[in-house]
Amino acid sequence: MIKTVKWLRGAAMIAVLALAGAVSAEEDNGFSEHQTKRAVDTFTYGAEQCATLDPIYRVDCLRQAYSQTVRVVANASVYWEAEVALTRVNRGLYAFVREHLDKNVDRVRVNGGRIKAVTADSVPVAQALYGDGVDRAVAAMRGASSLEVRYFEPIAQVLLASKALMQ
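The rules behind the values
- Residues numbered from 1 in each chain as written.
- Predicted model: local features only at pLDDT ≥ 70, side-chain atom pairs only at ≥ 80, totals over all residues.
- Heavy atoms only, no water.
- Axes fitted to C-alpha atoms, helices over the stretch in contact; angles between N-to-C directions.
- Helix = DSSP H or I, 4+ residues; strand = E, 2+ residues; numbered from the N terminus.
- Parallel < 35°, antiparallel > 145°, perpendicular 65-115°, else oblique.
- Left-handed = near helix turned anticlockwise from the far one by under 90°.
- Contact = heavy atoms within 4.5 Å.
- Nonpolar A, V, L, I, M, F, W, Y, C, P; charged D, E, K, R; others polar.
- 1 Å grid on protein atoms, 1.4 Å probe; cavity = no way out; pocket = protein on both sides within 12 Å on 5 of 7 lines; lining within 4 Å.
- Points joined across faces, edges and corners; volume = space filled by probe spheres on them.

Looking at the packing of helix H2 (residues 33–51) against helix H3 (residues 55–73)
At their nearest, the axes of H2 and H3 sit 9 Å apart, and the two run at 165° to each other. Classified by the interaxial angle, the pair formed by H2 and H3 is roughly antiparallel. When you trace H2 past H3, the crossing you get is right-handed. In this structure, H2 contributes Gln35, Arg38, Ala39, Thr42, Phe43, Gly46, Ala47, Gln49, Cys50 and Ala51 to the contact, and H3 contributes Arg58, Cys61, Leu62, Ala65, Tyr66, Gln68, Thr69, Val72 and Val73. Partitioning the contact of H2 with H3 into residue classes produces 11 nonpolar, six polar and two charged.

This is how it looks when you write it as structure tokens:
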């Protein structure tokens, strides 16, 4: 009985050390499931809010969802490749909204921000721009190291899913 207890204690100690090693390895490289989940949740919530809007507002709404997600991943420097990819889409959308702003349409409030409308004629161009931007961002995240891809893939998946919002 004592041998069994000692063996169980030893096995438990090995399991604890292995678990601690896995946790510290995650902390050592800076990536975390929690950080990735926060980014995914932030973008998903923003995109869900955008889905309720008229297409003329979706471009700026998605830009704000990207901006909020960038703020989340910017908190961990190891996510810099994802941050750069998201920022590029955000900046492309920002420039598009500035260039195609419909000044005759009022802004709407969504998720704490004031969303601007683009002209109805520019929506098809926005759709193509958004699709290209998402594809480039996903390619950048999937082209990273295998460790980065592990944490970037859930973010890439929600970006791809958001393409349907602009169709």
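Considering the layout of surface pockets
By volume, the largest pocket is sized at about 150 Å³. Around the largest pocket, the lining residues are Ala85, Arg88, Val89, Gly92, Leu93, Leu129, Tyr130, Gly133, Arg136, Ala137 and Ala140. Broken down by secondary-structure element, the contributors of at least two residues to the lining of the largest pocket are helix H4 (80–99) and helix H5 (123–142). Counting residues per element, the lining of the largest pocket draws most heavily on H5, which supplies six residues. Looking at side-chain class alone, the lining of the largest pocket contains seven nonpolar, two polar and two charged residues.

Some remarks on empty space enclosed by the protein
For the structure shown, the criterion picks out one cavity of 30 Å³ or more. Taken together, Gly46, Cys50, Cys61, Gln64, Ala65, Gln68, Val110, Asn111 and Ile115 form the lining of the largest cavity. For the lining of the largest cavity, the secondary structure elements donating two or more residues are H2 and H3. At four residues, H3 tops the list of elements feeding residues into the lining of the largest cavity. Its residues placed into classes, the lining of the largest cavity shows five nonpolar, four polar and no charged.

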